[in-house]
Amino acid sequence: MNILHIYKDYFPVLGGIENHIRVLAEASAARGQQVTVLVTSLDRRTQIETLNGVSVIKTGRWLNISSAPISPAMFGWARRLGRLADIVHLHSPYPPGETLHLFSGSRAQTVITYHSDIVRQKTLRRVYRPLLWRVLARADRIIATSPRYIDTSPFLQRFRDKCTVAPLGVDLNRFAAADPARVASIRNQLTNQPTRHVILSVGKLRHYKGFDTLIEALPDLLDARLVIVGSGPLEDTLRECATLCSVADRVTFAGEVPDADLPAYYHAADLFVLPANARAEAFGAVLVEAMAAGLACVTTEVGTGTSWVVQDGVTGLVVPPRDPALLAQAIRSLLANADRRRQMGQAGIARARAQFDEQAMIERVHAVYTGVRGGGKQVAGK
């Protein structure tokens, strides 16, 4: 089987979608399938390389429109590779890639993983809407990462009959344990101030992650230190927010943490919080990582997978977005009750094993490939 993935970025660019594509591509290559990833480069040069059995073509990037990189060279590659592929796997939203495939003349079966609606870029959404309807109508199968997104996306609702749920998966064993010495070292560094509890949040420092709300909740959590792992365009703004809230001495910006070190940060924390404020946070894979590490989670109800991954009252608590007072109340209630946190952590481990194992995700996606190649209709998963 010849599989072509199309998106804007790929490893070593870090991000949830980029990592997801890498896992799928390398798993297919390991099965002996021919796999190509077509993305854009970070400059105007086209680069071709092979990474872990995956052919990666990064076409020259000339400009960005609403966070969507434009590469004129990608069209030629999409036409050429699309005609050779058995399956073209689009990762949405990336309007340039989806549009190029629509007009590429490819007769390959088309699978779309619909990661998120276009949320913030209202002009782009308005212009792209007619084309997106055509892209989705043409697709042989649409993969959603949670049933909630099918229920709440105005685009997926219309194509419910061709949607399959394949939740994002995590290498659970990687997060189940961590080096005790490293955990103790991180914990000692974070609690050598007059704080007893460590709150962890992980993600790109982008607007929809809601880190500002979490920082604004911190004045009501006097015995807690917040650790934010990740980097991004809002770091200076978030540091200023911490200063204005008089909590800069209790917020640690850890930056990008090496993959090998990340599990230790989870195990050094008392609680995990993802305070998302928009539908652009469609799933929250970091919630699964936290649950795999045995942490209770607090997240927000934004009508997406975040409140499906975290079961309110079972594996954590779900509160409204953009409300520092209610967020602080939920965090405080769990920090004050170690037994409840432990019970939620154990329930989170069980849920992660049942729903979010990486190998199970790979098998679900490959079942979609097999189904569309065989012409069979698959039942939408719930």
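Rules used in this analysis
Going along each chain's sequence as written, the residues are numbered from 1 onward. Local features in this predicted model are restricted to residues of pLDDT 70 or higher, and side-chain atom pairs are both shown and tallied only at a pLDDT of 80 or more, whereas totals for entire chains, interfaces and linings draw on every residue. Hydrogens and water are ignored here; the side-chain numbers use all heavy atoms of the structure. Secondary structure follows DSSP: runs of H or I at least 4 residues long count as helices, runs of E at least 2 residues long count as strands, and numbering of each begins at the N terminus. The atom set for the radius of gyration is the C-alpha atoms, and the globule formula is 2.2 Å times the number of residues raised to the power 0.38. Only heavy atoms enter the contact rule, under which two residues are in contact if any of them lie within 4.5 Å. Note that His is not counted, nor are the chain ends; the positive residues are Lys and Arg, and the negative ones are Asp and Glu. A charged residue contributes its charge at one atom only: NZ of Lys, CZ of Arg, CG of Asp or CD of Glu. As a per-residue quantity, pLDDT reports the predictor's confidence and falls between 0 and 100. Salt bridges, as used here, are contacts in which a Lys or Arg side-chain nitrogen is within 4 Å of a carboxyl oxygen on Asp or Glu. Note on exposure labels: buried denotes an accessible area under 20% of the residue type's maximum, exposed denotes more than 50%, and partly exposed covers the range between, all computed with a 1.4 Å probe on protein chains only. Put simply, buried Ala, Val, Leu, Ile, Met, Phe, Trp, Tyr and Cys residues joined by side-chain atoms within 4.5 Å make one nonpolar core. At least two DSSP bridges between two strands are required for those strands to pair. Helix axes are fitted only over the stretch in contact, all axes being lines through C-alpha atoms; the angle between N-to-C directions runs from 0 to 180 degrees. Take the far helix as your reference; a near helix turned counterclockwise from it by less than a right angle gives a left-handed crossing, and one turned clockwise gives a right-handed crossing. By the convention adopted, Pro, Cys, Tyr, Trp, Phe, Met, Ile, Leu, Val and Ala count as nonpolar, Lys, Arg, Asp and Glu as charged, and the other residues, Gly among them, as polar. For patch detection, residues must exceed 30% relative accessible area and be free of salt bridges, and they are connected within 9 Å for like charges or within 5 Å for nonpolar side chains (Val, Leu, Ile, Met, Phe, Trp, Tyr). Only the protein chains shown count as cover for residues, with accessible areas throughout obtained via the Shrake-Rupley method and a probe of 1.4 Å. Ring geometry is summarised as follows: Phe, Tyr and Trp rings, the Trp one being its six-membered ring, pair when their centres sit within 6.5 Å, and such pairs are stacked at plane angles under 30 degrees, edge-to-face over 60 and tilted between the two. By definition here, charges over rings are those cases where NZ of Lys or CZ of Arg is within 6 Å of the ring centre and within 35 degrees of the ring normal. Viewed with both strands pointing away, a crossover whose connecting path from the first strand over the helix to the second turns clockwise is right-handed. Cysteine sulfur atoms that come within 2.5 Å of each other are treated as a disulfide pair. Between N or O atoms, a polar contact is any pair within 3.5 Å; within protein, one atom must be a potential hydrogen donor and the other a potential acceptor, and residues adjacent in sequence are included only when both atoms are from side chains.

What about the overall build of the chain?
Then, in step 1: Scanning the chain from N- to C-terminus turns up 16 helices and 16 strands.
Then, in step 2: Taking 382 residues into account, the globule formula puts the C-alpha radius of gyration at 21 Å, and the chain, at 21 Å, falls close to it.
Then, in step 3: By principal-axis analysis of the C-alpha atoms, the chain measures approximately 65 × 40 × 40 Å.
Then, in step 4: Contacts in the chain between residues far apart in sequence, at least 24 positions, make up 67% of those at least 6 positions apart.
Then, in step 5: One way to put it: in the chain the 45 positive side-chain charges average out to a point 8 Å from where the 34 negative ones average out.

Let's talk about the confidence of the model for the chain
Then, in step 1: The predicted model of the chain averages 92 in pLDDT, with 95% of residues at 70 or higher.
Then, in step 2: When the criterion is pLDDT under 50, residues 376-382 qualifies, and its contacts beyond four places in sequence or with other chains add up to 23 contacts.

Topic: the pattern of salt bridges
Then, in step 1: In total, this model carries 17 salt bridges according to the counting rule given.
Then, in step 2: A salt bridge links Arg-373 to Asp-86; the shortest N-O distance between them is 3.6 Å. Placement of Arg-373 in helix α16 (residues 358-374) and of Asp-86 in the loop between α2 (72-84) and β7 (87-92) is noted, with a sequence separation of 287 residues between them.
Then, in step 3: Judged by its relative accessible area of 41%, Arg-373 falls in the partly exposed class.

Looking at the nonpolar core
Then, in step 1: By size, the foremost hydrophobic cluster in this structure holds 45 residues, and its most contacted members are Tyr-10, Leu-38, Val-54, Tyr-114, Leu-136, Ile-142 and Leu-156.
Then, in step 2: If sequence neighbours within four positions are ignored, Ile-142 has contacts with Ile-112, Tyr-114, Leu-136, Leu-156, Phe-159, Lys-162, Cys-163 and Thr-164.
Then, in step 3: Val-198, Tyr-265, Val-286 and Val-310 belong to the second largest nonpolar core, which has 37 residues in total.

Focus on the sheet that holds strand β3 (residues 47-51)
Then, in step 1: Across the sheet, 8 strands lie side by side as β3-β4-β2-β1-β7-β8-β9-β10; this open sheet has mixed pairing. In the strand order of this sheet, the two ends are held by β3 and β10 (163-165), each with one partner. With strand direction ignored, the average angle separating the axes of adjacent strands in the sheet is 20°.
Then, in step 2: Two strands pair when backbone bridges link them, and strand β1 (residues 2-6) and strand β2 (residues 34-40) are joined in this way by 5 bridges, in the parallel orientation. Looking across to β2, one finds that Ile-3 is bridged to Val-35.
Then, in step 3: In the packing of helix α3 (residues 95-102) onto the sheet, the strands contacted are β1, β7 and β8 (109-114), and the crossing angle to β7 comes to about 150°.

Focus on the packing of helix α12 (residues 285-292) against helix α15 (residues 338-355)
Then, in step 1: At a minimum axis distance of 7 Å, the contact between α12 and α15 shows a crossing angle of 115°. When you trace α12 past α15, the crossing you get is left-handed. Residue-level inspection shows Val-288, Met-291 and Ala-292 of α12 in contact with α15, the latter providing Gly-345, Gly-348, Ile-349 and Ala-352.
Then, in step 2: Within the contact of α12 with α15, the residues separate by chemical class into 5 nonpolar, 2 polar and no charged.

Remarks on the sheet that holds strand β13 (residues 251-255)
Then, in step 1: The parallel open sheet is built from 6 strands, whose spatial order is β13-β12-β11-β14-β15-β16. Looking along the sheet, the strands with just one partner apiece sit at the ends: β13 and β16 (316-319). Direction aside, the axes of adjacent strands within the sheet are offset by 20° on average.
Then, in step 2: Summarising the sheet, strand β15 (residues 297-300) and β16 pair through 4 bridges and their orientation is parallel.

Brief notes about a nonpolar patch on the surface
Then, in step 1: Together, Trp-62, Leu-63 and Ile-65 make up a nonpolar patch on the protein surface, roughly 300 Å² of accessible area in all.
Then, in step 2: Residue classification places Trp-62 among the partly exposed residues on the basis of a relative accessible area of 47%.

Some details on the packing of aromatic side chains
Then, in step 1: Considering all chains together, one arrives at 8 aromatic pairs under this definition.
Then, in step 2: Ring centres of Tyr-114 and Tyr-149 lie 6.3 Å apart, and the angle between their planes is 50°; this geometry places the pair in the tilted category. Residue Tyr-114 is found in strand β8, and its partner Tyr-149 is found in helix α5 (residues 147-152); the two are separated by 35 residues along the sequence.
Then, in step 3: On the basis of relative accessible area, Tyr-114 is assigned to the buried category, the value being 1%.
Then, in step 4: Taking NZ or CZ as reference, Arg-80 lies 4.4 Å from the ring centre of Trp-77, over its face.

What to know about the pairing of β7
Then, in step 1: Extensive coverage of β7 is indicated by the burial of 6 of its 6 residues.
Then, in step 2: The pairing of β1 with β7 spans 4 bridges and is classified as parallel. Each bridged residue has a counterpart across the sheet, and for His-5 the counterpart in β7 is His-89.
Then, in step 3: A crossover connection joins β7 to the parallel β8 through α3; in handedness this β-α-β unit is right-handed.

Comments concerning the state of the cysteines
Then, in step 1: Evaluated as defined, the whole model comprises 0 disulfides.
Then, in step 2: With no disulfide of its own, Cys-245 has Cys-241 as its nearest cysteine by sulfur position, at a separation of 4.2 Å.

Section: the side chain of Ser-92
Then, in step 1: One can find Ser-92 in strand β7.
Then, in step 2: The exposure class of Ser-92 is buried, given its relative accessible area of 3%.
Then, in step 3: There is a polar contact of 3.0 Å between the side chain of Ser-92 and the side chain of Glu-98.
Then, in step 4: The residues contacting Ser-92, other than those within four sequence positions of it, are Glu-98, Ile-112, Thr-113, Tyr-114, His-115 and Ser-116.

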